[in-house]
Amino acid sequence: EREVMSKIFDGKLKRVGGVRHSEYSEYLERKKHGDFVVKGGVFTDSERAFYSKLELVTERFPLRPLVKVALKDIFDIKDSFLNHNQIHLERLKNYYIDFLVCDEETMIPLLAIFLGKHNLDEMKFIEGLFEEFEINIAHVEEKEEYNVIELIQIMELNIDMKSLIK
């Protein structure tokens, strides 16, 4: 175990196809706590590919891309309504946005991006919520690679990029 740890921390382990080296996976498998085990990474391969391009696009503007943001971090329930119906609170806790592009200074959400397919019932609820508060949503096909031009087009369709240039 000490040998594996030293390889992890001295930078000798390399990523192969977006997945950590098998020794690291074996190390993680041994480190369990009850019914839980740590994942090999936060992103899937397609999420990692998308995020790397999204960072390139947003760094040129006063925008901040966030990942896997829960609806409860964006929306709140009116106090009077909270006591009457816990279902909506649970929905906010259980759903998340794959990528959320915010104004860098105010952190106000400008665009929610969903990668790949999502449950239709979930999407009806989420789309209705975002539409009500005039926050655009983009659905992007999940794939192995993305190009910057494609992301710029998505951003231009949903955010007034010219107004962001100072």
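Residues numbered from 1 in each chain as written. Predicted model: local features only at pLDDT ≥ 70, side-chain atom pairs only at ≥ 80, totals over all residues. Heavy atoms only, no water.

A. A look at the environment of M161. Topologically, M161 is positioned in helix α8 (residues 161-164). Once the C-alpha coordinates of M161 and P62 are considered, the two residues, 99 residues apart in sequence, prove to be 9.6 Å apart. Once residues within four sequence positions are removed from consideration, M161 is found in contact with F61, L63, M155 and E156. (Helix = DSSP H or I, 4+ residues; strand = E, 2+ residues; numbered from the N terminus. Contact = heavy atoms within 4.5 Å.)

B. Focus on the sheet that holds strand β7 (residues 109-115). The mixed open sheet is built from four strands, whose spatial order is β5-β6-β7-β8. Every other strand in the sheet has two partners, leaving β5 (63-70) and β8 (136-140) as the edge strands with one partner each. Strand after strand, the sheet turns through a mean of 25 degrees between neighbouring axes, direction not considered. Across the sheet, helix α3 (residues 45-58) lies against β5, β6 (96-103), β7 and β8, angled at about 5 degrees from β6, the strand it touches most. In the packing of helix α7 (residues 148-158) onto the sheet, the strands contacted are β5, β6, β7 and β8, and the crossing angle to β8 comes to about 155 degrees. (Pairing = 2+ DSSP bridges. Axes fitted to C-alpha atoms, helices over the stretch in contact; angles between N-to-C directions.)

C. Highlighting the side chain of T58. Assignment of secondary structure puts T58 in helix α3. A polar contact is formed between the side chain of T58 and the backbone oxygen of E55, at a distance of 3.4 Å. Each residue touching T58, except ones within four places of it in the same chain, is listed here: L63, P65, V101 and M155. (Polar contact = N/O pair within 3.5 Å; in protein donor to acceptor, adjacent residues only side chain to side chain.)

D. Spotlight on the pattern of salt bridges. Applying the stated criterion across every chain yields a total of five salt bridges. Between K72 and D73 there is a salt bridge, and its shortest N-O distance comes to 3.5 Å. Judged by relative accessible area, D73 falls into the exposed class, the value being 53%. Salt-bridge contacts for K143 lead to E150; the nearest nitrogen and oxygen are separated by 2.8 Å. With relative accessibility at 29%, the residue K143 sits in the partly exposed group. (Salt bridge = Lys/Arg side-chain N within 4 Å of Asp/Glu carboxyl O. Buried < 20%, exposed > 50% of the residue type's maximum accessible area, 1.4 Å probe, protein only.)

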